[in-house]
Amino acid sequence: MRIIVTGGAGFIGSNLVHVLVQAHDVCVIDDLSSGSPDNLHPGAVTRTMDILDSRLPEVFAEFAPEVVVHLAAQPSVAASFADPERDRAVNVEGTRAVARAARAVGARRVLSASSAAVYGEPAEIPLREGSRTEPVNPYGVSKLSAEEVLADELADSGCDFASLRFSNVYGPRQDATGEGGVVAVFCQALAGGETPVIYGDGIQTRDFIFVGDVVGALLTAIAHEEALGGQGAAGAYNISTGTETTVQALADTLRPVAGFFAPFEYGSEREGDVRRSALDPAKAADVLGWRASVPLATGLGPTFRWFAQR
Ligand SMILES: NC(=O)c1ccc[n+]([C@@H]2O[C@H](COP(=O)([O-])OP(=O)(O)OC[C@H]3O[C@@H](n4cnc5c(N)ncnc54)[C@H](O)[C@@H]3O)[C@@H](O)[C@H]2O)c1
């Protein structure tokens, strides 16, 4: 199969591409704004460009993808507060450009990365795809708009689509410097001999999912025979474990993995962080037959080793 992966030099994208190249023709489109050239796979064609570049349709026409996995995004909540216009341009208009380019070349399916951030402060736990969506930061707003744009551009077009709402993804190749995610930030600190800082009281919860499980979900969605999309929220799928874990419990699970037995430090809570998060993965299980299978204590092993080896 011919597959375009936007954001293929990033954390999730590169983990996906390293598996895809074993069986498919892959083209990575990435401007390397938060991704790394070290993540690029020689077995994939690479186009270093912004998805907002007017030449995007030419790249699509040249490669003629059957499936497009759209992971390129402005991924940082902090950056979305600092520059909401750029956040909106990349996440919303970038998704529109990718959807239009995919449609123009007759691609069969577009899978687009969305986020738990679309829900905001949860109305219920675990969150379902039909739960209230009230994002509490510009990143969540742009990810929700991107879902709507994807559905607007592709509904009734003959190109199937789905917005995959990832919970908190962690694993090797995650960048701890930008948004990073708390697992990457903790692992980087521990690997550098520093004491990690927990923002807030540590009782806040997240739904941590190993990147290998997310890659599994994407592979399953790529191969799925029936249509995944539909109108509006019908095209959204939680890709998550459904398990709520406190940041304190994460710290306690990571400590023995890293051989660090002192307590972590505490800092003040961060703007735009929700208190609780867990996403119900039942729809992905029902429709795709996919379930996360890597427990946190297992996924933290290769994750910490990757940071320690750098
Ligand atoms: N990591 C998580 O926990 C998580 C959770 C929910 C959703 N997501 C979403 O998953 C996707 C991948 O996230 P990630 O964690 O791998 O982030 P990442 O920053 O590692 O990857 C994003 C990639 O997109 C590229 N990119 C950014 N803007 C671009 C542009 N305008 N044109 C071309 N390329 C561009 C970056 O260089 C980077 O390689 C994103 O859409 C993100 O919003 C991630």
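Remember, it's a predicted structure, so these values are computed and weren't measured experimentally.

(A) The site of the ligand, seen in detail. As a structural note, the neighbourhood of the ligand is formed by 30 residues, with F11, D30, S34, Y139 and K143 the closest of them. Contacts to the ligand include Y139, whose side-chain N or O atom sits 2.6 Å from an oxygen atom. Take V169: an N or O atom from its main chain is 2.9 Å from an oxygen atom of the ligand. Coverage of the ligand by the protein chains reaches 93% of its 820 Å² of free accessible surface. Residue contributions to the shell around the ligand peak at 3 residues, all from strand β5 (residues 109-115). Here the shell around the ligand is composed, by residue class, of 15 nonpolar, 10 polar and 5 charged.

(B) Highlighting helix α5 (residues 138-154). Between its first and last C-alpha atoms α5 spans 24 Å; for 17 residues at 1.5 Å apiece the expected length is 24 Å, and the two agree. Residue D156 follows α5 closely and has a positive phi angle near 60 degrees.

(C) Inspection of the domain arrangement of the protein chain at higher detail. As far as domains go, the protein chain holds domain 1 (2-169 + 210-239) and domain 2 (170-207 + 242-309). Computed over C-alpha atoms, the centres of domain 1 and domain 2 are 22 Å apart. Around 3,100 Å² of area is buried between domain 1 and domain 2 when both sides are counted, 59% of it from carbon and sulfur atoms. Remark: the boundary between domain 1 and domain 2 carries 1 salt bridge. Summed over the shared surface of domain 1 and domain 2, the number is 16 residue pairs in polar contact (both at pLDDT 80 or more). Of all elements in the fold, only α1 (11-20), α3 (77-82), β6 (160-166), β7 (168-170), α7 (211-223) and β11 (236-239) reach the threshold of two or more residues within the side of domain 1 that touches domain 2. Top element by residues in the side of domain 1 that touches domain 2 is α7. It accounts for 6 residues. For the side of domain 1 that touches domain 2, the residue count by class is 24 nonpolar, 14 polar and 5 charged.

(D) Representation of the pattern of salt bridges within the structure. If you walk through the whole model with that rule in mind, you get 16 salt bridges. Close ionic contact of E62 with R47 constitutes a salt bridge, the shortest N to O distance being 3.1 Å. Taken together, the residues E62 in helix α2 (residues 56-63) and R47 in strand β3 (residues 45-48) connect sequence positions 15 residues apart. Close ionic contact of D201 with R275 constitutes a salt bridge, the shortest N to O distance being 3.0 Å. Linking D201 in the loop between β8 (197-199) and β9 (205-206) with R275 in the loop between β13 (265-267) and α9 (282-288), this pair joins segments that are 74 residues apart in sequence. Taking the relative accessible area as the measure of exposure, R275 reaches 30% and is therefore partly exposed. Through salt bridges that share partners, E93, R96, R100 and E153 make up one connected network.

(E) Region of interest: the environment of G267. Its location among the elements puts G267 in strand β13. Judged by relative accessible area, G267 falls into the partly exposed class, the value being 26%. Along the sequence, G267 and P196 sit 71 residues apart, while their C-alpha atoms lie 10.0 Å from each other. Discounting residues that sit within four places of it in the chain, G267 has contacts with V197, I198, Y199 and G200.

(F) Focus on the environment of A123. Within the element layout of this structure, A123 appears in the loop between β5 and α5. Overall, the relative accessible area of 49% leaves A123 in the partly exposed class. Note: C-alpha distance between A123 and E134 (11 residues apart in sequence) is 9.3 Å.

(G) Region of interest: the packing of aromatic side chains. Applying the stated criterion to the full structure yields 4 aromatic pairs. The interplanar angle of 85 degrees and the centroid separation of 5.1 Å between the aromatic rings of F186 and F264 together place this pair among those described as edge-to-face. In this pair, F186 is assigned in helix α6 (residues 182-191) and F264 in the loop between α8 (247-258) and β13, connecting sequence segments 78 residues apart. Grouping residues by exposure puts F186 and F264 together as buried.

(H) Spotlight on the sheet that holds strand β2 (residues 25-30). Spatially, the 7 strands line up as an open sheet ordered β3-β2-β1-β4-β5-β6-β11, and their pairing is parallel. One side of each edge strand has no neighbouring strand; the edge strands of this open sheet are β3 and β11. Each adjacent strand pair in this sheet contributes to an overall mean axis angle of 20 degrees, direction not counted. Pairing geometry for strand β4 (residues 67-70) and β5, over 4 bridges, is parallel. Note on β5: the bridge partner recorded for V69 is L111. Along the sheet, α1 contacts β1 (2-6), β2, β4 and β6; its crossing angle with β1, the most-contacted strand, is approximately 165 degrees. Against the sheet, helix α4 (residues 84-104) makes contact with β1, β4 and β5, and its axis sits at roughly 175 degrees relative to β4, the strand it touches most.

Conventions we followed
- Residues numbered from 1 in each chain as written.
- Predicted model: local features only at pLDDT ≥ 70, side-chain atom pairs only at ≥ 80, totals over all residues.
- Heavy atoms only, no water.
- Near = heavy atom within 4 Å.
- Polar contact = N/O pair within 3.5 Å; in protein donor to acceptor, adjacent residues only side chain to side chain.
- Areas by Shrake-Rupley, 256 points an atom, 1.4 Å probe, with all protein chains shown as cover.
- Helix = DSSP H or I, 4+ residues; strand = E, 2+ residues; numbered from the N terminus.
- Nonpolar A, V, L, I, M, F, W, Y, C, P; charged D, E, K, R; others polar.
- Expected span 1.5 Å × (residues − 1).
- Domains from an automatic or database assignment.
- Buried area = accessible area lost by both parts, 1.4 Å probe.
- Salt bridge = Lys/Arg side-chain N within 4 Å of Asp/Glu carboxyl O.
- Buried < 20%, exposed > 50% of the residue type's maximum accessible area, 1.4 Å probe, protein only.
- Contact = heavy atoms within 4.5 Å.
- Phe/Tyr/Trp six-rings, centres within 6.5 Å; stacked < 30°, edge-to-face > 60°.
- Pairing = 2+ DSSP bridges.
- Axes fitted to C-alpha atoms, helices over the stretch in contact; angles between N-to-C directions.

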